[in-house]
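# Residue-level structure breakdown
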Amino acid sequence: MAVQPEIEKKGFVQTVLDAADDVFTRITAGIPAGEVRRMLRGEAPGRPNPRLKPHSEAFLLHIKPTYYHDSVTKFTHTFRLGLLSTYLFFVETITGLILMIWYAPTPERAYTDMIRLLSNVPFGQLMRDLHRLGAEMMVLIVTAHMVRTYLTGSYKAPRQFTWFTGVILLVVTLFLSFSGYLLPWDQLAFWAVTIGTSMAEAVPPKVVGETVNLLARGAPDIGANGLMRFYLLHVLFLPLVLFLFFFVHYYKVVHFGISLPSDEEEVGQDTANKVPADRRVYFLPDVMIDEATFLIGFTAVMVVITAFFFSAPLESIANPQSTPLHTVAPWYFYWLQGLLKIADKMIAGVILPGVLLVLLIAIPYLDRNPSRRGRDRRVAIISGVVAGIVMIILSWMGTPYYAVQGAPAVEIVQELMPEEGMGPVREIGYQHLPLGVYDTREHPETEDEEFNHILHEFAASIAAFEEKDPTFNNAYGILSVTQEQPSLKRITWEIFWLSPDGKEDRYLRTFFLHEDSLYWEQYGLKDFSFVRPPAEE
Amino acid sequence: MKRPWYSFLYVRSPLVKIGLGILAVLVMIAVLLILGIIEERRMEAQTANWDGRGVEKGAELYANNCYTCHGIDGKGLPGVAPALHSKYFFTQRIHDVGWTGSLHDYVKLTIAAGRPSKVNTQWAQIMPTWSNRYGGPMRDDQVENLTAFVLNWEEDALAQGTPDNPDPWQPFADAPSKAVADDGSAPVAEAPVEPTGSRTPQELFGGANGMGCAGCHNLDLPQTADSRGPVGPNMANLHETAGTMVPGEDAETYVHNSIVAPNAYVHEGYMAGIMPQNFAERMSEEEINALVAWLLDPNRQR
């Protein structure tokens, strides 16, 4: 209708209001302002339901179901873990894109780019920490999502293929997280990935293993080519694979519906898609508000954790010539490292993980029990719990606490002042290391309480190893702190002991500590001491 | 039906949910604001942190590669390598050699490319090339860290020049100092320590006022086919081999001659002219004899 006749007919104000409502309806893809008001007031929709229109009109909503069974919208049924996994993928994409702006994947630049990001880009550290925390949470939540699906038996017919795509998504998530590990090009990254790719080398027959290893690293050892390959895997190939499988997975979820709590349907039946009219919860507005609030709340929690309690590690620049003591894989591969300690590289590194993967995929076909009720599937649940406990034990065995203790003297120093990372001495810092020579036999005391604590720990640790280790007798340690340069202290650890044949042995390790150095732990309250400038002396 | 204890998770009211969402957004804004306020100081602290860590790494490199010639405290060894921890080095050296760039670049390039010339220098060895760009062992970041470490002596070095804290500078033969003292006269170099006959062999070999022998000769390793000193021969088994080197010279004569006239006999695989030629002037005859006896002592005391 032309404007003028409209104004003549309805009056000016009404015409403007109608035009505004029209724009509003276009933005909301089909819901007028009045309907939004009724939604917020919690009023029931009219018939036919005017709130379904966006599902046919908007792209992003057309893949969402229009309504859910009210039982599956309860938080404790799914814990929103699938939604959260998807959301974390988007968080990783956005933070990752921002990080890419300041990053070049070459050995000459990668590490200095990290330092520049931390020290010269406003909110650069926050972005990096968020990306790292998001990656670790994604692994955790995708795994939790799988455990939940397993415990509620939701992988059973007709959802076997959904489960299969889910397993693929889990594997891709692990690889995504792992491929990102190399990019900072520090010692932690370099050696974790060297160990990881060396497992590929064990794939039989030999020529295949070597080829796979060569393809991943781009050379016999990781270098410029390997970094570029891992970068491309991380930012392009794996996200695309994940994207593809995500949509297959989600299509299947919508197609079959979220499985109901097992008590609400007969054994062997699947009524997820036959929702009685009185049990329907419509996506608009109820589920949408619920999901949005949940994700916003989760983001807030993530931001708070990142801001105050989580710092992505950055060790020394990658050095192919020196392997740091106690090199570890990322925590989600501790179990694999544990396996490698007790079994051969080929069995533990290739065959067992392969079998595990096939078993995971085959679970829906191995488990012929039609019931999803917990009391009917004792065997499945107990074997799941046992597998979980085995994983936890293997993970513990993957940490340096199990079966990789070095010589006592090396371990004593590593405990107090590790080669990489913080440790108690760097934690108390330059200010709390009074110059002098401290011999543990003399039980020295200084004016500095925190330093006294270190000296006690040094002596106690020597005594503990003396008791444990028969080759380590009459041991004592000398810690000397000297001023090497302005604002640089030299910290020398010397440990003397008698070997069983009565010969005196000596271990010497020297470290330097600069006044301005900050070392940090990955998890734990961040150090905000820089906010207050140090008091004038 | 009894509601389970976790029923508080089943929020139904959309308004409560929206309220919670708004609260979460406000929390996020507050946290980001706090971070934004301290961001400038965080970046400063991080910059200082990474500079500091660079000095730490440089100190490790210095302790592993450089101290044998430039001294543990960087004050140089006479006849081996010049002092870096020196007021002269920080204030005058680049002017004397006509360097127009910064001291940082001078140090960095000297470390990276070495000083591969023997013209007009009194130093026993050439400065090797350290950067792997010129065939050395160090990556660029290591050269940079080492430079940061050397320059970190500045504060201490500039305080030198008092009788308690003398400048350890020894005049360079390659570029005599053009510096002018406060009263307009030519500067007085630190007088080289005159031989007094009172120095022990240990002091002469590796001490601060010694001859800097330890820079090139290792006392703990034997000189064998698979254990060769890279610059000068190792000396752990000197008492066994010294008598067999030159026909007609017994061990004492051989070692004595090697000190006062190093070019008279150069062991296969080493170059003539590396070892300083002026030890006879810098040590008294008694000192040289004591040093020879000490070097040939199978139970040599350090």
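Residues numbered from 1 in each chain as written. Chains lettered and ligands numbered in written order. Predicted model: local features only at pLDDT ≥ 70, side-chain atom pairs only at ≥ 80, totals over all residues.

Here we take up the overall build of chain A. Across its full length, chain A carries 20 helices and 6 strands. Counting every position in chain A, which comprises 537 residues, the buried fraction comes to 31%. (Helix = DSSP H or I, 4+ residues; strand = E, 2+ residues; numbered from the N terminus. Buried ≥ 20, exposed ≤ 12 C-beta atoms within 10 Å, placed from the backbone.)

With that out of the way, let us pick up the packing of helix α9 (residues 124-151) of chain A against helix α10 (residues 160-181) of chain A. Residues and elements named next belong to chain A. Contact geometry for α9 and α10: axes closest at 10 Å, N-to-C directions at 160 degrees. Comparing their axes, α10 and α9 come out roughly antiparallel. Read as a crossing pair, α9 and α10 show a hand that is left-handed. Where α9 abuts α10, its residues Ala135, Met138, Val139, Val142, Thr143, Met146 and Thr149 lie against Trp163, Gly166, Leu169, Leu170, Thr173, Leu174, Ser177 and Gly180. In terms of residue class, the contact of α9 with α10 is made up of 9 nonpolar, 6 polar and no charged. (Axes fitted to C-alpha atoms, helices over the stretch in contact; angles between N-to-C directions. Parallel < 35°, antiparallel > 145°, perpendicular 65-115°, else oblique. Left-handed = near helix turned anticlockwise from the far one by under 90°. Contact = placed C-beta atoms within 7 Å. Nonpolar A, V, L, I, M, F, W, Y, C, P; charged D, E, K, R; others polar.)

Take the nonpolar core next. Ranked by internal contacts, the top residues of the largest apolar core, which has 74 residues, are Ile412, Leu416, Phe458, Ile462 and Ile495 of chain A together with Phe89 and Phe149 of chain B. At 7 residues, the largest contribution of residues to this core is made by helix α20 (residues 449-468) of chain A. In contact with Phe149 of chain B, not counting residues within four places along its chain, are Val55, Gly58, Ala59 and Tyr62 of chain B. Formed by 47 residues, the second largest nonpolar core is a distinct cluster that contains Ala110, Ala135, Met138 and Leu238 of chain A. (Core = buried A, V, L, I, M, F, W, Y, C linked by C-beta atoms within 7 Å.)

All right, on to the sheet that holds strand β5 (residues 488-498) of chain A then. Pairing in this open sheet of 4 strands is antiparallel, and the strands run β3-β4-β5-β6 (chain A) from one edge to the other. Either end of the sheet is taken by a strand with one partner, and the two such strands are β3 (436-439) and β6 (504-514) of chain A. Averaged over neighbouring strand pairs, the angle between their axes works out to 15 degrees when direction is ignored. Bridge count for β5 of chain A against β6 of chain A is 11 bridges, and the pairing is antiparallel. In the strand pairing of β6 of chain A, Arg490 of chain A is matched with Phe512 of chain A. Lying on the sheet, helix α1 (residues 14-65) of chain B is in contact with β4 (473-485), β5 and β6 of chain A; it crosses β6 of chain A at an angle near 145 degrees. (Pairing = 2+ DSSP bridges.)

Right, let's get into the domain arrangement of chain B. Many authors give the size of an interface as the accessible area that is lost as the parts come together. Residues and elements named next belong to chain B. Splitting chain B by domain gives domain 1 (67-158) and domain 2 (201-296). Distance between the C-alpha centres of domain 1 and domain 2: 26 Å. Domain 1 puts 10 residues into the contact, and the matching count from domain 2 is 10 residues. Its residues assigned to classes, the side of domain 1 that touches domain 2 shows 6 nonpolar, 3 polar and 1 charged. (Domains from an automatic or database assignment.)

All names here are of chain A. Across its 20 residues, α20 extends 28 Å between first and last C-alpha, which sits within 8% of the 28 Å expected from 1.5 Å per residue. Taken together, the buried positions of α20 are Phe451, Ile454, Leu455, Phe458, Ala459, Ile462 and Phe465. Along the long axis of α20, the arc covered by the buried residues comes to 130 degrees, so they all point the same way. For α20, exposure combined with an orientation more than 90 degrees from the buried face picks out Glu449, Ala460, Ala464, Glu467 and Lys468. The secondary structure elements touched by the buried residues of α20 are α18 (408-416), α19 (423-428), β3, β4 and β5. (Expected span 1.5 Å × (residues − 1). Arc of directions from axis to C-beta.)

Below, the discussion takes up unusual backbone geometry. Residue and element names in this part refer to chain A. Note that the residue after Arg47, namely Pro48, is joined by a cis bond; omega there is -5 degrees. Within the secondary structure, Pro48 sits in the loop between α3 (33-40) and α4 (53-57). In this model, Ala157 is joined to Pro158 through a cis peptide bond whose omega is 5 degrees. Along the polypeptide, Pro158 turns up in the loop between α9 and α10.

All names here are of chain A. Both β3 and β4 contribute to a ladder of 4 bridges, which runs antiparallel. Residue pairing in the sheet places Asp439 in a bridge with Ile478 of β4. Pairing geometry for β4 and β5, over 10 bridges, is antiparallel. Its bridge partner lying in β5, Ile478 is registered against Glu494. Between the antiparallel neighbours β4 and β5 lie 2 residues, among them Ser487 with a positive phi of about 50 degrees.

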